[in-house]
Amino acid sequence: GVLGVKNNKKIFSFNNKNGLQSQIINAIQFKNNTIWVATDKGIQSYNYKTGKTQNITKQDGLASGNINTLKVIDNTVLFGSNLGLFSFNSTKIQKKQNELKPYFTSISIEEKDTLLQSSYTIKQDQSEIKIEFNTNGFQTHEFVEYAYKLEGYNTNYIKIENNSNFVKFNSLPKGKFKFLLKAKNKFKDRYSNPISINLNVTSPFYKTLWFYALCAFITSL
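Note that this is a predicted model, so its numbers are computed, not measured. (Residues numbered from 1 in each chain as written. Predicted model: local features only at pLDDT ≥ 70, side-chain atom pairs only at ≥ 80, totals over all residues. Heavy atoms only, no water.)

A. The packing of aromatic side chains, seen in detail. In the structure shown here, the tally under the stated rule is 13 aromatic pairs. With centroids separated by 5.9 Å and ring planes inclined at 55°, the aromatic side chains of phenylalanine 79 and phenylalanine 88 adopt a geometry described as tilted. Look at phenylalanine 88 and you get buried, because its relative accessible area is 16%. On the basis of an interplanar angle of 85° and a centroid distance of 6.1 Å, the ring pair of phenylalanine 169 and phenylalanine 179 is categorised as edge-to-face. Placement of phenylalanine 169 in strand 16 (residues 166-169) and of phenylalanine 179 in strand 17 (residues 175-185) is noted, with a sequence separation of 10 residues between them. Neither residue differs from the other here; phenylalanine 169 and phenylalanine 179 are each classed as buried. Three or more aromatic residues link up through ring pairs in this structure, and these residues are Phe12, Phe14, Phe30, Tyr46 and Tyr48. The aromatic ring of tyrosine 191 is capped on one face by lysine 182, whose charged end is 4.6 Å from the ring centroid. Taking NZ or CZ as reference, lysine 184 lies 5.6 Å from the ring centre of tyrosine 191, over its face. (Phe/Tyr/Trp six-rings, centres within 6.5 Å; stacked < 30°, edge-to-face > 60°. Buried < 20%, exposed > 50% of the residue type's maximum accessible area, 1.4 Å probe, protein only. Helix = DSSP H or I, 4+ residues; strand = E, 2+ residues; numbered from the N terminus. Lys NZ or Arg CZ within 6 Å of the ring centre and 35° of its normal.)

This is how it looks when you write it as structure tokens:
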């Protein structure tokens, strides 16, 4: 970990017992009783007077968690990673995360993009539909978990695996359905309120009553 020594005496120890996220430390900076630590899991600040720690990771917006160099100038923290050089204002770190709000980004039917609407009427023999979505704010797919339910077909929500941001149905049966989608941060328990799209799947013309009646009439003739 990190040890602080003054006049040949240890004055503090910052390690995995009191909040250090990684023992792989690439750089440290000291300012106003606060130690800034760059590790392979992000950036941490540790006030050895109060014992308060603050973690800044990919979940909070870092492009990379592997920080290899760090410099603190006034309130600006500059750091380098395998993806480049970045900086942030240490006095304006927003750690409170708002509730995720999913939204639909695109709808395609039979592999053709269509306008975003709250409801669709499609024929059963042309019911291949792909629904894409995203969430508000900076949340990489690595930390977002989605679940969906096709009301009228599924009774329970289905978790979407592999960090995917779309659901595709190759074919749907005839009926009226409601596609429900909700999202949450993987480190939290509560999902967002669901958003929805109504789907009305109708029979193709050759499966309608009027078509059967017409066939019967022609046969009788």
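B. Representation of the pairing of strand 14 (residues 144-151). For strand 14, the tally of buried residues reaches seven of eight residues, placing the bulk of the element in the interior. Across eight bridges, strand 14 lies against strand 17 in antiparallel orientation. Note that in strand 17 the partner of valine 144 across the bridge is asparagine 185. Pairing of strand 14 with strand 15 (residues 158-159), which is carried by two bridges, proceeds in the antiparallel orientation. Within strand 15, the residue paired with tyrosine 148 across the bridge is isoleucine 158. As consecutive antiparallel partners, strand 14 and strand 15 are separated by six residues, and within that stretch glycine 152 has a phi angle of approximately 100°, a positive value. (Pairing = 2+ DSSP bridges.)

C. The pairing of strand 5 (residues 42-47), seen in detail. Here strand 5 lies mainly inside the structure; six of its six residues are buried. Residues Gly42, Gln44 and Tyr46 line one face of strand 5 and the alternating positions Ile43, Ser45 and Asn47 line the opposite face, and both faces are buried. With four bridges connecting them, strand 5 and strand 6 (residues 53-56) associate as antiparallel partners. Across the sheet, the residue bridging to tyrosine 46 is threonine 53, located in strand 6. The antiparallel hairpin formed by strand 5 and strand 6 contains five residues in its connecting segment, where glycine 51 sits at a positive phi of about 80°.

D. The environment of lysine 52, seen in detail. Within the secondary structure, lysine 52 sits in the loop between strand 5 and strand 6. When the C-alpha positions of lysine 52 and glycine 19 are compared, they lie 9.1 Å apart, and in sequence the two are 33 residues distant. Among all residues touching lysine 52, those that are not within four sequence positions of it are Ser45, Tyr46 and Asn47. (Contact = heavy atoms within 4.5 Å.)

E. Local environment of the sheet that holds strand 16. Spatially, the four strands line up as an open sheet ordered 11-10-13-16, and their pairing is antiparallel. Either end of the sheet is taken by a strand with one partner, and the two such strands are strand 11 (112-114) and strand 16. Here the average twist between neighbouring strands, direction ignored, is 25°. As defined by bridge partners, strand 13 (residues 129-135) adjoins strand 16 across four bridges and the pair is classed as antiparallel. Among the inter-strand pairings, isoleucine 131 is bridged to a residue of strand 16, identified as valine 167. (Axes fitted to C-alpha atoms, helices over the stretch in contact; angles between N-to-C directions.)

F. Up close: the sheet that holds strand 9 (residues 84-89). Taken together, the three strands give an open sheet; going across it, the order is 7-8-9, and neighbouring strands pair in antiparallel fashion. The two strands at the open ends of the sheet, each matched to only one other strand, are strand 7 (67-73) and strand 9. Looking at each pair of strands side by side, their axes are set apart by 20° on average, direction ignored. Bridge count between strand 8 (residues 76-81) and strand 9: six bridges; the pairing is antiparallel. Among the inter-strand pairings, threonine 76 is bridged to a residue of strand 9, identified as asparagine 89.

G. Looking closely at the pattern of salt bridges. Applying the stated criterion to the full structure yields two salt bridges. Between glutamate 128 and lysine 168 there is a salt bridge, and its shortest N-O distance comes to 3.9 Å. Highlighted residues: glutamate 128 in the loop between strand 12 (119-123) and strand 13 and lysine 168 in strand 16, separated in sequence by 40 residues. (Salt bridge = Lys/Arg side-chain N within 4 Å of Asp/Glu carboxyl O.)

Remember, this is a structural readout, not a statement about activity or role.
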